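Below are the chains, spelled out letter by letter.
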Amino acid sequence: FRMLLIKNLRQIVQVVDDTTTEFLVGESMKNLKILSSPDCSLCIAVDKKDGKISFVGEETKIGVLPPNVETIDGKGGCALPSFVDGHTHPVFAGDRVHEFAMKLAGATYNEVQKAGGGIHFTTEKTREASEETLYRDLQRIVGRMIESGTTTIEAKSGYGLDEETEMKMLRVLDRASSSLPIEISSTFCGAHAVPRGSTEEKQRDLIVDRVIPRIAEAKEKGELRSVENIDVFCETGNFGVESTEKILRAGQSIGLTPNFHAEELTYIGGVEMGARIGSRGMSHLEEISDEGINAMAEAKSAAILLPSTAFILRLTPPPARKMIERGVIVALGSDFNPNAHCLSMPLIMSLACITLRLSMEEALVAATLNAAYSIRRGTSHGALSVGRQADLLILSSDRWENLIYQMGDHSHLISLVIKKGKIVHTRT
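Summarised in this report is the structure supplied together with it. Computed from a predicted model, the values in this text were never measured in an experiment.

### Some details on the packing of aromatic side chains
Here is step 1: Inspection of every chain in the model, using the stated rule, returns 3 aromatic pairs.
Here is step 2: Relative to Tyr159, the ring of Phe92 has its centre 6.3 Å away and its plane inclined at 80 degrees; by these criteria the two rings are edge-to-face. Of this pair, Phe92 sits in the loop between β8 (83-88) and α1 (97-104) while Tyr159 sits in the loop between β9 (150-156) and α5 (163-179), placing them 67 residues apart in sequence. Each member of the pair, Phe92 as well as Tyr159, carries the same accessibility label: buried.
Here is step 3: An angle of 40 degrees between the planes, with centres 5.9 Å apart, marks the rings of Phe92 and Phe336 as tilted. Of the two residues, Phe92 sits in the loop between β8 and α1 while Phe336 sits in the loop between β15 (330-332) and α12 (345-355), which places them 244 residues apart along the sequence. Taken as a pair, Phe92 and Phe336 share a single burial class, namely buried.

What follows is the structure in structure tokens.
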């Protein structure tokens, strides 16, 4: 089949209808491009050769179709872009269900870590796990992400904290990016924490002097093709602003894009530094300053907000409304990791509406176009327009808002998930 035709749609949520708009900010986040038809006459055509959208609109206007067309009946439902998850940690071993009771009893993130839990517990298990075990676990996680409508993710290393395990995690992500039906923008996050027995300075120097040059060598050999970004947990007790900048700049020197954790637990000025060096994205931002918000807007640095993490850790939510009002590019991520076990972007959008006070339209933009921008895919992903990649969902509902309104019930609503013109999930 040369063409895929999805017809009998009542609604198509394009978000934008061009290939030049990279993101939406401010009031424009509420003005989605939506096509509606009471008689279910809308359709989307996809050129299966390149996996790009070739037509969006009324079926009567599509013109002459080639003879070899694969047809999908939308059954009066609606189409919308599949989700781009702007922040995940999907490669790890073990779980931290035993810590949940500590958190419910009031233990803070740092208190859990000091008690031998947190990142250090996961690091120990991940170091012990084989590459094959990590890949199989990731394969299961990716399958559940796809079922929830996600077809592109930013995905981090960071549970190794030593040279060999970090490289092992990056290899797992690279293998997954070429073998699993999900697109991965992988991120080196060796500065996720300071390992036991080390110091901030020692870990910083290990990353800058040894690991980053090794990643550069592997990239040159074509061994790590999916590694695109560099991340640091810029936070009190982990990596200060000076160390963070040094690591991020070292990553920039080999072509990695800064996209890092900032101002989650305490304000230390990481955002202002990140804006100054041109970071594409910064995540969490619960404790961001007014100056930091202004700097992000000016630098066009995406704010990747993670409502499940703030909710689970009982943190003050980031000031999303203030960010939107000041023109910051607001995106969403699940922050899927053993500390915040949520991989459903529909649930993340619901939480964003309830806890961050986003409108449903703003939440959808943040989970599609703006999240795509945060990993340098703003003109190719996150919207349904001619020339963009055919990454989309078909819902059994005739109103896309039900995906957010019917909180936690997305498996009932998502009937098809399509990645680059290929069906990667069908509801059974």
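### A word on the sheet that holds strand β6 (residues 69-73)
Here is step 1: Strand order in the open sheet formed by 4 strands is β5-β4-β1-β6, with mixed pairing between adjacent strands. Two strands in the sheet have a free side with no partner beyond their single neighbour: β5 (52-58) and β6. In this sheet, neighbouring strand axes are inclined to one another by 15 degrees on average, regardless of whether the strands run parallel or antiparallel.

### Digging into unusual backbone geometry
Here is step 1: The residue Asn8 is not glycine, and still its phi comes out positive at about 60 degrees.
Here is step 2: With respect to the secondary-structure elements, Asn8 resides in strand β1 (residues 3-9).
Here is step 3: Asn8 sits in the partly exposed class, given a relative accessible area of 26%.
Here is step 4: Despite not being glycine, Leu161 shows a phi value in the positive range, around 60 degrees.
Here is step 5: Structurally, Leu161 can be placed in the loop between β9 and α5.
Here is step 6: Residue Leu161 is classed as buried on the basis of its relative accessible area, which comes to 3%.

### Topic: the side chain of Thr187
Here is step 1: Topologically, Thr187 is positioned in strand β10 (residues 183-191).
Here is step 2: The exposure class of Thr187 is buried, given its relative accessible area of 0%.
Here is step 3: Engagement of the side chain of Thr187 in a polar contact is seen with the side chain of Glu154, the distance being 2.6 Å.
Here is step 4: With residues up to four places along the chain from it excluded, the contact list for Thr187 reads Glu154, Ala155, Lys156, Ser157, Leu170, Asn229, Ile230 and Asp231.

### Looking at the pairing of strand β11 (residues 227-234)
Here is step 1: Counted residue by residue, β11 has 8 buried out of 8 residues, so it is predominantly covered.
Here is step 2: Examined bridge by bridge, β10 and β11 share 4 bridges and lie parallel to one another. Note that in β11 the partner of Thr187 across the bridge is Asn229.
Here is step 3: The parallel pair β10 and β11 is bridged by helix α6 (residues 200-220), and the resulting crossover is right-handed.
Here is step 4: For β11 and strand β12 (residues 257-262), the ladder comprises 4 bridges, and the chain directions are parallel. Each bridged residue has a counterpart across the sheet, and for Phe233 the counterpart in β12 is His261.
Here is step 5: Considered for its hand, the β-α-β crossover made up of β11, helix α7 (residues 241-252) and β12 is right-handed.

### Things to note about the nonpolar core
Here is step 1: One finds Val15, Leu285 and Leu332 to be the most contacted residues of the largest nonpolar core, which totals 102 residues.
Here is step 2: Element by element, the count of residues in this core is highest for helix α4 (residues 131-147), at 7 residues.
Here is step 3: When sequence neighbours within four positions are dropped, the list of residues in contact with Leu285 reads Ala262, Glu263, Glu264, Val271, Met296, Ala303, Ile304, Leu305, Pro318, Pro319 and Met323.
Here is step 4: Ranked by size, the runner-up nonpolar core spans 18 residues in total, among them Ile6, Leu35, Leu42 and Ile418.

### What about the environment of Phe1?
Here is step 1: Mapped onto the elements of the fold, Phe1 is located in the segment before β1.
Here is step 2: Setting aside residues up to four positions removed in sequence, Phe1 forms contacts with Lys48, Asn68, Val69 and Glu70.

### Considering the side chain of Thr244
Here is step 1: Tracing the backbone through its elements, the reader meets Thr244 in helix α7.
Here is step 2: Judged by relative accessible area, which is 0%, Thr244 ranks as buried.
Here is step 3: Apart from residues lying up to four places away in sequence, Thr244 is in contact with Val232, Cys234, Phe239, Phe260 and Met273.

### A closer look at the sheet that holds strand β2 (residues 11-15)
Here is step 1: Taking strand neighbours across the sheet as the criterion, the 6 strands line up as β3-β2-β7-β16-β17-β18 in an open arrangement whose pairing is mixed. Each of the sheet's edge strands pairs with one partner strand only, and the pair in question is β3 (33-36) and β18 (422-426). This sheet shows a mean twist of 20 degrees between the axes of neighbouring strands, independent of strand direction.
Here is step 2: Pairing of strand β17 (residues 414-419) with β18 involves 4 bridges; the strand directions are antiparallel. Among the inter-strand pairings, Leu416 is bridged to a residue of β18, identified as Thr426.

Cut-offs applied
- Residues numbered from 1 in each chain as written.
- Predicted model: local features only at pLDDT ≥ 70, side-chain atom pairs only at ≥ 80, totals over all residues.
- Heavy atoms only, no water.
- Phe/Tyr/Trp six-rings, centres within 6.5 Å; stacked < 30°, edge-to-face > 60°.
- Helix = DSSP H or I, 4+ residues; strand = E, 2+ residues; numbered from the N terminus.
- Buried < 20%, exposed > 50% of the residue type's maximum accessible area, 1.4 Å probe, protein only.
- Pairing = 2+ DSSP bridges.
- Axes fitted to C-alpha atoms, helices over the stretch in contact; angles between N-to-C directions.
- Polar contact = N/O pair within 3.5 Å; in protein donor to acceptor, adjacent residues only side chain to side chain.
- Contact = heavy atoms within 4.5 Å.
- Right-handed = clockwise from strand over helix to strand, strands pointing away.
- Core = buried A, V, L, I, M, F, W, Y, C linked by side-chain atoms within 4.5 Å.

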